[in-house]
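# Structural overview
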Amino acid sequence: MKSEVLQKLARYCAYQERCKWEIQVKMDSFLILPEDQQAYLDWLEDNNYLNQERFARLFVRSKFNQKSWGRNKIKFELKRLQVSDALVQTALSELRELPYETTLESMLNEKFKHLKDPNDWAKKQKCYQYAMRKGFEPDLISLYIQQLN
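Below, the structure is looked at part by part.

### A few points about the packing of aromatic side chains
One pass over the full model with this rule turns up four aromatic pairs. An angle of 25° between the planes, with centres 5.7 Å apart, marks the rings of Phe64 and Tyr100 as stacked. With a gap of 36 residues between them, Phe64 in helix H4 (residues 52-67) and Tyr100 in helix H7 (residues 100-114) connect regions that are remote in the sequence. Residue class for Phe64 comes out buried when judged on its relative accessible area of 3%. Looking at Tyr100, the relative accessible area reads 5%, which means it is buried. Residues Tyr100 and Phe136 carry aromatic rings whose centres are separated by 5.1 Å and whose planes lie at 45° to one another, so their mutual orientation is tilted. Highlighted residues: Tyr100 in helix H7 and Phe136 in the loop between helix H8 (120-133) and helix H9 (138-145), separated in sequence by 36 residues. Each member of the pair, Tyr100 as well as Phe136, is classed as buried. Members of the aromatic cluster, joined through ring pairs, are Phe64, Tyr100 and Phe136.

Thresholds applied
Residues numbered from 1 in each chain as written. Predicted model: local features only at pLDDT ≥ 70, side-chain atom pairs only at ≥ 80, totals over all residues. Heavy atoms only, no water. Phe/Tyr/Trp six-rings, centres within 6.5 Å; stacked < 30°, edge-to-face > 60°. Helix = DSSP H or I, 4+ residues; strand = E, 2+ residues; numbered from the N terminus. Buried < 20%, exposed > 50% of the residue type's maximum accessible area, 1.4 Å probe, protein only.

As structure tokens, then:
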């Protein structure tokens, strides 16, 4: 292993929490052979620069708090980043501690108020589609859509 490459990878991880997939993409850009990559990953994990569980938990909290993403979108993005199913489920448990339904309700109320359409049904449809794009569950959205007026 080259210490210069290790320093670059360590800085990359120290700047922001990363997942294994992001590190592998970075190593590919450094032209590190696939058979050598595992040694670098092991070193980063041993020295606490890389921790998949820590990444997944932080990802869930930050995407919910900063972007108001729902479970479905967060789960999709974690899978896209090749986080294991077990870690995805563990990380999603973080949402139990957060005001999930309250956030959905206030988001729908805000969206409903700002829509200019005179037809309430059309406004509710737009709110429903908006919440779906944000990754919230359809049955939960329907529950709160009924309360809008």
